[in-house]
Amino acid sequence: MLQIPHLRWVAVITICALLSACGKFEVYIEIRPTNPTHPAQSIVPSTTPGAVFATERSPSLTPIYTSSPHPSIQPESTAVATPGPSMTEKSHGLQPGTPLNIISIHMLDASQGWAIGQVDTDLNDRILSTYDGGQTWQDRTPYAALSTMPPEGLSAVAAFGSAQNAWVAYASLSPQSPQSPAFVWITHDGGSSWQTGSVLDFNGVEQEYYQPGFLGFMPDQQHGWLLVHLGAGMSHDYIAIFTTSDGGESWQRMVDPQKDPELMACAKSALVFSTNQIAWLAGNCPGLMPDLFLYRSTDGGRTWTLIGPPPPSGQPSDFFMGTQFACGISSWVYTASRDLMFLLRCDNNNHNLTLSWLYNSYDSGLTWETYPIPVPYANVSFRSKGEGWLLGAFKNDPSANQELYHSIDSGRSWTPVLPVGWQGTPEFITSTKGWVAAQSRGDRALVRTVDGAKTWQVINPVIGP
C-alpha cells in the first residue's frame, strides 16, 4: 500500500480482479496543506527550445518468427466481401447491477462515452457505452463475436467515432495461432447492431499469430487503419497494415513482412494517420538502431520513408548515435487537435538514469519542438491544442508514487497538481471534467473529477437497467 504524505481523503472499493483473488483498490487523493513543504511550481526547460528542421497493446518479443513455411489466414474470397446482415444485440446475460472493470475509456462529452471493460464472470473484453458520465453502462459487445470465443477468451481493440459509430477487432487473448477468418466489426447505431467488414486478406503472408494492435479512424469516419501483429523475435515485430476508405466495409493490405521487410524491426508503439494520406509508424527499440524508428507515408500507407527527428533540445547532434543513452519512442500522445506528439524515453543504464521528452510538430513532421517532461514514465493526453494532462512516475514500477501534472502551453511547462496512488491515462473533455481508468497493482477502478483534478470521485461502474 502506497504511503503518501498529507493524506486527508481515501476511498476504498473492493474489486474481484480478473483471474485473481478479491482485493482492495485504494484511491489516494492528497489535499495539499496551506504551507506545503514543497510548494507546487511549474517545470520548465532549462533552455528555450526552438523548431528544428528534420528530414500501440504490443506482444512481447518472445516467440521466434522464422522464414520456414507457415500456415496463413486465407480469405473466404479474393473479392471484397459484402458486409453480412446486421445482428441485433442482446444484454449477453449481464444482469443490471453487474460490476464492471473499465480497461480504457473514451468520453464524447460529460455524459456520453465508450469503454472497453471486463466482468469477473468471463475472460472477454466487452464494448460498453454510457449516457450518465460512467455510472452505468450498456453492454454493446457484438454478440456473434462472443458466440465463437476461444477457451482463453477474447481481447479487443476499438475505435470510437461518435455515439453511433464504432469499430472493433477481436482476437484470442493468447496469441499463439492465427485466426481465420479475421475482420473488423462495425456499428452505426451505438452498438445495438453490428455487421462485419470484408475479411482481412492474409493470403501469402507468414504468421505466428493474429493480434490487432492499433485501430483508428479519421474525423470523416470513412478513412481508417488497422495494424496487426503477426510474429516476433530477434528484436523484430512482424506486422501487417490495412486501410479502409469506406467506413470499414472493405480493407486493403498495405504492409506485410514480405513486401516491407525494413518496417519489421522494433516493437511498434504507434500507427496513426494525421491526414487521409499522411501516416506515421513508430517503434521502440532503445539502442538497437542508430536513429529513432519513425517512418512516414505520404500515399496512404503504400510506401514509407524513415524520418530522422532531431535530438532533444540541448543535446548533441549525435545523441541518438552515441553510447551514453539508448532511446526509443515509448508512445504516441493523443491530441484532440490531431497535432503530432510523441514521447521519447532514453535510458542510461550505466548511471541508472531515465529521461523523457515530449516531441511536438505542427507541420506534419517538417519541424519539431522538444520539451522535457517532469517524470520519465508517463501517460499524456491533450484535450486541446494547448491544454494537456500527464500522469506518471520516476520509476517503471506499478507501486511507484504517481504525480498528476497540468500544462496550458502545449507541454512547454508542467505544473504539479497532486500525487495519487494509481496509474492510467487522463481523459478530459473540458478543463475541469475528466476520467481515468485507473489501476494499482493489478486492481482497477474508474475515477472522475469535476474540478480540474483537485479532487477525484471513485465510480462503481455497473450494467444499467
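A few points on the structure. (Residues numbered from 1 in each chain as written. Predicted model: local features only at pLDDT ≥ 70, side-chain atom pairs only at ≥ 80, totals over all residues. Heavy atoms only, no water.)

1. As for the overall build of the protein chain
When helices and strands are counted, the protein chain shows 1 helix and 34 strands. Within the protein chain, buried positions represent 54% of all 465 residues. For the protein chain, the accessible surface area stands at approximately 19800 Å², while carbon and sulfur atoms represent 53% of it. (Helix = DSSP H or I, 4+ residues; strand = E, 2+ residues; numbered from the N terminus. Buried < 20%, exposed > 50% of the residue type's maximum accessible area, 1.4 Å probe, protein only. Areas by Shrake-Rupley, 256 points an atom, 1.4 Å probe, with all protein chains shown as cover.)

2. Side note on the packing of aromatic side chains
A full pass over the atoms with the stated rule returns 21 aromatic pairs. Aromatic side chains Phe 183 and Trp 185 sit 5.4 Å apart centroid to centroid with 80 degrees between the ring planes, which places their arrangement in the edge-to-face category. Seen from their ring centres, Phe 342 and Tyr 359 are 4.7 Å apart, and the 15 degrees between their planes marks the pair as stacked. Highlighted residues: Phe 342 in strand S23 (residues 340-348) and Tyr 359 in strand S24 (residues 353-361), separated in sequence by 17 residues. Taken individually, Phe 342 and Tyr 359 each receive the classification buried, so the pair is uniform in this respect. (Phe/Tyr/Trp six-rings, centres within 6.5 Å; stacked < 30°, edge-to-face > 60°.)

3. Looking at the pattern of salt bridges
Under the definition given, this model contains 7 salt bridges. A salt bridge links Arg 126 to Asp 139; its shortest N-O distance comes to 2.7 Å. Taken together, the residues Arg 126 in strand S7 (residues 126-130) and Asp 139 in strand S8 (residues 136-139) connect sequence positions 13 residues apart. Grouping residues by exposure puts Arg 126 and Asp 139 together as buried. Note that Asp 256 is salt-bridged to Arg 253, the shortest N-O span being 3.0 Å. Several salt bridges share partner residues, and in doing so they unite Asp 122, Arg 126 and Asp 139 into one network. (Salt bridge = Lys/Arg side-chain N within 4 Å of Asp/Glu carboxyl O.)

4. Here we look at the sheet that holds strand S34 (residues 462-463)
On the basis of which strands lie adjacent, the open sheet formed by 5 strands has the order S5-S6-S7-S8-S34 and mixed pairing. Strands at the two margins of the open sheet, each flanked by one partner only, are strand S5 (101-107) and S34. As defined by bridge partners, S7 adjoins S8 across 2 bridges and the pair is classed as antiparallel. Along S8, the bridge assignment pairs Leu 128 with Asp 139. (Pairing = 2+ DSSP bridges.)

5. Looking at the state of the cysteines
Tallying each qualifying case throughout the model produces 2 disulfides. Covalently, Cys 266 is tied to Cys 285 through a disulfide, its sulfur atoms 1.8 Å apart. With Cys 266 in the loop between strand S16 (252-255) and strand S17 (267-273) and Cys 285 in the loop between strand S18 (279-284) and strand S19 (294-297), the pair connects residues that are 19 residues apart, well separated along the chain. You'll find Cys 266 and Cys 285 in the same group, each marked buried. Residue Cys 327 pairs covalently with Cys 346 via a disulfide, S to S 2.1 Å. On the S-S bond that ties Cys 327 to Cys 346, the torsion sits near 115 degrees, and the link is right-handed. With a gap of 19 residues between them, Cys 327 in strand S21 (residues 326-332) and Cys 346 in strand S23 connect regions that are remote in the sequence. With a relative accessible area of 0%, Cys 346 lands in the buried category. (Disulfide = S-S within 2.5 Å.)

6. Comments concerning the sheet that holds S16
The strand order across the open sheet built from 4 strands is S13-S14-S15-S16, with neighbouring strands paired in antiparallel fashion. Each edge of the open sheet carries a strand with a single partner, namely strand S13 (211-217) and S16. The average angle at which neighbouring strand axes cross in this sheet is 25 degrees, direction not considered. Here 9 bridges tie strand S14 (residues 224-233) to strand S15 (residues 236-244), and the two strands are oriented antiparallel to one another. Within the sheet, the bridge partner assigned to Val 228 lies in S15 and is Ala 240. (Axes fitted to C-alpha atoms, helices over the stretch in contact; angles between N-to-C directions.)

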